Amino acid sequence: MSGGPRHTVPVDVHLLLRRDGARGPQVLLSRRAGPVYATGLWHLPSGHLDPGEDMVEAVIREAGEETGVLIAAPDVTAAVTVHHRPPRGGSSRIGVFFEVRRWTGRPRVREPDRCDGMGWYPLGALPEPMVAYCRAGLEAYRVGAPAAVHFQQPGDPVEYAPDGTDRTRLLPGPPPTRPLEER
């Protein structure tokens, strides 16, 4: 250990509200609006931890605030973790993406000052323009990677660039282990 100050980062929670569509899995996305980061770009419903709450409580709270759906804690599963550095501001953050397949209520825009659209999109055909950080988490989720690093450089666009210049590095999980009875 270096003995110097410890690195600290904000924690974001992202809601992967998932349903099965006619052509495969779909996720709920919202379009950011107003005086917020990435206005006009598609993103998952998301937010920050409030003091004293855990990540599951945070994603359940954000789901209610942004979409109106009610989620029970046992229906929240961990999907992907992304270590991200935005192109502006320089400070990195950790984003934890949670999959939810069961909820109560119909998703709708609950914060029109921050969101001007919401819809279901096939996981394999996401809309543009999309926040690059969110797209990195969705790509990791789509291929089954448990984590990704998405460190943007100053001057990179906030939106995902489909031309192959995206800075996402997917991290594989550990190899499958044998059941305890076989060891």
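**A few points about the overall build of the chain**
Move 1: Across its full length, the chain carries 2 helices and 9 strands.
Move 2: What you see in the chain, going N to C, is helices and strands ordered as β-β-β-β-α-β-β-β-α-β-β.
Move 3: Over its C-alpha trace the chain gives a radius of gyration of 17 Å, about what one expects of a compact globule, namely 16 Å for 183 residues.
Move 4: Every one of the 183 residues in the chain was classed for burial, and the buried ones make up 43%.
Move 5: The long-range fraction of contacts in the chain, counting pairs at least 24 apart against all pairs at least 6 apart in sequence, stands at 67%.
Move 6: Carbon and sulfur atoms form 53% of the exposed surface of the chain, whose accessible area is close to 10,200 Å².
Move 7: Distance between charge centroids for the chain: 3 Å, based on 22 positive and 22 negative side chains.

**Overview of the pattern of salt bridges**
Pairing between side chains becomes possible if they bear opposite charge and their charged atoms approach one another.
Move 1: As enumerated under the stated definition, the model contains 12 salt bridges in all.
Move 2: Across the pair Asp75 and Arg102 runs a salt bridge, and its minimum N-O distance is 2.6 Å. In this pair, Asp75 is assigned in the loop between α1 (55-67) and β5 (76-85) and Arg102 in the loop between β6 (93-100) and β7 (115-122), connecting sequence segments 27 residues apart.
Move 3: Between Asp156 and Arg167 there is a salt bridge, with its nearest N and O atoms 2.5 Å apart.

**Examining the side chain of Arg93**
Move 1: Looking at the element boundaries, Arg93 is found in strand β6.
Move 2: Residue classification places Arg93 among the buried positions, given a relative accessible area of 19%.
Move 3: Side-chain polar atoms of Arg93 contact the side chain of Asp12, separated by 2.6 Å.
Move 4: Non-local contacts of Arg93, meaning those with residues more than four positions away in its chain, are made with Val9, Pro10, Asp12, His48, Val82, His83, His84 and Tyr133.

**Describing helix α2 (residues 132-143)**
The periodicity of an α-helix, 3.6 residues per turn, causes residues three or four positions apart to be oriented the same way.
Move 1: Its 12 residues give α2 an end-to-end C-alpha distance of 17 Å, which sits within 8% of 16 Å, the value for a rise of 1.5 Å per residue.
Move 2: The buried count for α2 comes to 9 of 12 residues, which makes it a mostly enclosed element.
Move 3: Positive backbone phi, approximately 85 degrees, marks Gly144, located one or two places after α2.

The rules behind each value
- Residues numbered from 1 in each chain as written.
- Predicted model: local features only at pLDDT ≥ 70, side-chain atom pairs only at ≥ 80, totals over all residues.
- Heavy atoms only, no water.
- Helix = DSSP H or I, 4+ residues; strand = E, 2+ residues; numbered from the N terminus.
- Rg over C-alpha atoms; globule rule 2.2 N^0.38 Å.
- Buried < 20%, exposed > 50% of the residue type's maximum accessible area, 1.4 Å probe, protein only.
- Contact = heavy atoms within 4.5 Å.
- Areas by Shrake-Rupley, 256 points an atom, 1.4 Å probe, with all protein chains shown as cover.
- Lys, Arg positive; Asp, Glu negative; His and termini not counted.
- Charge placed at Lys NZ, Arg CZ, Asp CG, Glu CD.
- Salt bridge = Lys/Arg side-chain N within 4 Å of Asp/Glu carboxyl O.
- Polar contact = N/O pair within 3.5 Å; in protein donor to acceptor, adjacent residues only side chain to side chain.
- Expected span 1.5 Å × (residues − 1).

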